[in-house]
Amino acid sequence: MKSNSFDWFFPSFCEKEKQSLNKLVKSNFLNEGALTRKFESKVSKFLNVKYAVCVTSGTIAIALSLLAIGVRRGDKVIIPNFTFIATANAVTLIGATPIFVDVLEDNFTIDVNKIERLIENNVKAIIPVDVNGRACDYKSLEIISQKYNIPLITDSAEALGSKVNGKFLGTFGDCGCFSFSAAKTLSTGQGGMIVTNKKNIYNRLLELKDQGRRKRGTGGNDLHPVIGFNFKYTDLQASVGIEQFYKLKKRIYNFKLRDLHYSKNLKGIDDIIIPQKRKDEVLQWFDVLIKKKKKELLKFLKRKKIGYREFWYPITSQKPYEKNRSFKNTFKISKEGLWLPSNFSLKKEHVEEICYYIGKFYGN
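Keep in mind the model is a prediction, meaning the values are calculated, not measured.

Rules behind the numbers
- Residues numbered from 1 in each chain as written.
- Predicted model: local features only at pLDDT ≥ 70, side-chain atom pairs only at ≥ 80, totals over all residues.
- Heavy atoms only, no water.
- Helix = DSSP H or I, 4+ residues; strand = E, 2+ residues; numbered from the N terminus.
- Buried < 20%, exposed > 50% of the residue type's maximum accessible area, 1.4 Å probe, protein only.
- Contact = heavy atoms within 4.5 Å.
- Areas by Shrake-Rupley, 256 points an atom, 1.4 Å probe, with all protein chains shown as cover.
- Lys, Arg positive; Asp, Glu negative; His and termini not counted.
- Charge placed at Lys NZ, Arg CZ, Asp CG, Glu CD.
- Polar contact = N/O pair within 3.5 Å; in protein donor to acceptor, adjacent residues only side chain to side chain.

**Some words on the overall build of the protein chain**
And step 1. Regarding its fold elements, the protein chain presents 11 helices and 13 strands.
And step 2. Expressed as lengths along the three principal axes of its C-alpha atoms, the size of the protein chain is roughly 70 × 55 × 35 Å.
And step 3. When each of the 364 residues of the protein chain is scored for burial, the buried share is 57%.
And step 4. By sequence separation, contacts in the protein chain at least 24 residues apart represent 70% of the contacts at least 6 residues apart.
And step 5. When the accessible surface of the protein chain is split by element, carbon and sulfur atoms take 50% of a total near 17,300 Å².
And step 6. Each charge class in the protein chain can be summarised by its mean position, and for the 62 positive and 36 negative side chains these summaries are 3 Å apart.

**Concerning helix α3 (residues 58–68)**
And step 1. In terms of burial, α3 is a largely internal element, 10 of the 11 residues being buried.
And step 2. N-cap assignment for α3: the residue whose side-chain oxygen lies 3.4 Å from the backbone N of Thr59 is Ser57.
And step 3. Just downstream of α3, Gly70 is the residue with a positive phi angle, here 100 degrees.

**Some words on unusual backbone geometry**
And step 1. Unusually for a residue other than glycine, Asn28 sits at a positive phi of about 70 degrees.
And step 2. On the secondary structure map, Asn28 appears in the loop between α1 (15–27) and α2 (34–47).
And step 3. Phi at Asn165 is positive, roughly 55 degrees, even though this residue is not glycine.
And step 4. Structurally, Asn165 can be placed in the loop between β6 (163–164) and β7 (167–168).
And step 5. Residue Asn165 is classed as exposed on the basis of its relative accessible area of 78%.

Right, dumping it as structure tokens:
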């Protein structure tokens, strides 16, 4: 076998996006407008939710969702320790404090059995994270949410198109937050989206993202009845997002095939653990846990020009959020985890070659 260079992941744009951008530039209106509304409508219909609001990033999507449900400075928000640091930073951005919970070893999502002991009067929200498209235990989370009257905001940044029990991730709880950054199934470079079925939350989100206005004004003698900010999207991004949206179903299908090929070809390598995945879950990237010789394997993959990305460090190991509490599963997963090449150009024969070399490294 002759090894090629296999990138871990990269955004994929084509002539359709270029044509859409050129048409928009000629219109001389690049700010948030009709194309943003069209993009929001397409995603909301796809997810079967009433409202969708585009914002500048997934981080801001979470921050504005927290503000929209009434979280304020000094409040506490429960989040998992295993997630991209943006989840914690969004909480900190509005002056609240993240309270960390360990995760489940088998699917990396928040351990719901450890939440209730952390609930106190100033806990005002819970943010479960659908890590790499895997669903949290929403049945238990919704029971806790109702029991203590604490809203749920889902961080579904990596879960667009993924489902559990026939329902799309991001549509549970009060708000669902998505990201359109470069390493996502649907990318507009940067950007995010909030979806909700609650009109009062939707109206507040519109105010928060556009200087206190629910409708576009002149920029002159407008009324600003409440405090808001500027986290508007742009039609530049939306024009790309719409073209990306048309590719979404095919990409989801291809990701499922990719995962089947990886699972089949890595089966039997004792030092590689393939984490569980439910039938309708769609992984953003294919992941494994490495039980032995991880450092040596990474050096080997580099020599073979096989891309990868290691799992995030636990948030409580990062300097701004250092804690002394034990998070056994989070630290174990972080140490062992690896995302293998998962880009849009990956084909069956590429997966077979990658797995061949991994097997060769472990003597299979």
